[in-house]
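One letter stands for each residue in the lines below.
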Amino acid sequence: MNRNHGRIRFIWLCITPAFVLFVLFMLIPTFNVFRMSVYKWSGFSAEKQFVGFSNFRILLDDEVFVKSFQNTVLLLVIVTILTMSMALLFAAVMTRENVKGKDLYRVVFYIPNILSVVVIAAIFSAIYDAEQGLLNGLLGMLRLDVLQRMWLGDQGLVIYSIAGAMIWQSVGYYMVMYMASMSSIPESFYEASALEGSGKVRQFFSITLPLIWQNLRNTLTFFIISSINLSFTLIKAMTNGGPDGATEVFLNYMYKQAYTNSSYGYGMAIGSVVFLFSFGLSLLVSRATKREPLQF
C-alpha cells in the first residue's frame, strides 16, 4: 500500500509542472480570448464596453473576414493535398528505389524546414520578383515570355504563389517522417506481393499506405493546424494580405484588427472563430481518417 501511495505521489510530482504550465499558458489565455470577444475595447484604454455577441454578428457581414476565411480554406486544401502527396511520393521513391546519395537528398529536402519563415519569405519574394526574379528569368530563358507574371501582384495568382512557398517549406519534413515509417516495413511483405504479381503502385496502396496510416493520420492533423500559423507568418512577411486583400487570412486579419486598428475585442472575436474552426477541423479530420491500425 505504501509503495502504491509513493508511486502515485511520484506520478503527480511528474505531471504537476506540465499541468500548471498548460493551465497558465493555454487554458487561461484561451479563456481570456473568448472573454474579451464579448467586449468593445481598443486594447489601450481602461474602459471596456460589454457588447455581448455583437462582434460575432458583425463578422457575418464583414466582407474582408469572409474573404480571409475563403483564402484560409483554399490554402489549407491546396497545400495539404500537394504537400502530403509529394511527401508520400518522395518518401516511397527514396525508400523503395535504389537512389544514390539518398542521405544527401534527405538533408537537402529537410533544410527548408529549419529555415526561419522570414528567410523563406525573402527567398520566395526574390524568386517571384517581376523584373529580376528567378521564375520570370527562367521563363524568359526558355522563351516563354507569355507566361511571365507579377506573381505577388496579380490578385488571381498571388494566393497560389504563397501556397508554393508553404509547400516548399513543409514537404521535406514530412518526407523524412514517412521515410522513417516506410523503412520499418518488413521487406518480406513486398517480396511476397511481387511473387503474386503486384506492381509497385499496387504495393504502395495495398502495403505501404495501410501500414503507415497511423503516422499519416497524426501528421495530417498536425500539418493542417500548423499551416494556419504558417500562412499567417508567410503572408505577413511577403504581402501583408495584399494586393487588395487577395491573400488576407484568418490570423493576419485578426492581428490587424486587434493590434493595428485598435479593435481588440473584435480581433478576439476573430480569434475565437479561428480557435473553434481549428478545433472542429482537427476533430473532423481525426474522425474521417479513423481506422483500425495494422500491425506487423
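Residues numbered from 1 in each chain as written. Predicted model: local features only at pLDDT ≥ 70, side-chain atom pairs only at ≥ 80, totals over all residues. Heavy atoms only, no water.

**Q** Let's hear about the overall build of the protein chain: which residues, and what values?
**A** When helices and strands are tallied, the protein chain shows 12 helices and 2 strands. Listed N to C, the secondary structure of the protein chain is α-β-β-α-α-α-α-α-α-α-α-α-α-α in terms of helices and strands. For the protein chain, the C-alpha atoms occupy an extent of roughly 80 × 75 × 30 Å along the three principal directions. For the protein chain, with 296 residues in total, the buried portion stands at 36%. Pairs at least 24 apart in sequence give 68% of the contacts found in the protein chain among residues at least 6 apart. When the accessible surface of the protein chain is summed, it comes to about 17700 Å², and 65% of that surface belongs to carbon and sulfur atoms. Between the averaged position of the 22 positive side-chain charges in the protein chain and that of its 16 negative side-chain charges there is a distance of 13 Å. (Helix = DSSP H or I, 4+ residues; strand = E, 2+ residues; numbered from the N terminus. Buried < 20%, exposed > 50% of the residue type's maximum accessible area, 1.4 Å probe, protein only. Contact = heavy atoms within 4.5 Å. Areas by Shrake-Rupley, 256 points an atom, 1.4 Å probe, with all protein chains shown as cover. Lys, Arg positive; Asp, Glu negative; His and termini not counted. Charge placed at Lys NZ, Arg CZ, Asp CG, Glu CD.)

**Q** So what's going on with the packing of aromatic side chains? Residues and values would help.
**A** Taken as a whole and assessed by the stated rule, the structure comprises 19 aromatic pairs. Here the aromatic rings of F124 and Y128 are separated by 5.7 Å at their centres, their planes lie at 50 degrees, and the arrangement is tilted. Residue classification places F124 among the buried positions, given a relative accessible area of 7%. A relative accessible area of 9% places Y128 in the buried class. Members of the aromatic cluster, connected to one another through ring pairs, are W41, F232, Y255, Y259 and Y264. The ring of W41 has K48 lying over it, and the distance from NZ or CZ to the ring centre is 4.6 Å. Above the plane of the ring of Y190 lies R96, whose end atom (NZ or CZ) is 3.6 Å from the centre. (Phe/Tyr/Trp six-rings, centres within 6.5 Å; stacked < 30°, edge-to-face > 60°. Lys NZ or Arg CZ within 6 Å of the ring centre and 35° of its normal.)

**Q** So what about helix α11 (residues 250-260)? Which residues, and what values?
**A** Here α11 lies mainly inside the structure; 8 of its 11 residues are buried. Of the positions making up α11, those classed as buried are F250, L251, N252, Y253, M254, K256, Q257 and A258. Next to the buried residues of α11 lie α3 (63-96), α10 (213-238) and α12 (264-288). Positive phi appears at S262, one or two residues downstream of α11, with a value of about 55 degrees.

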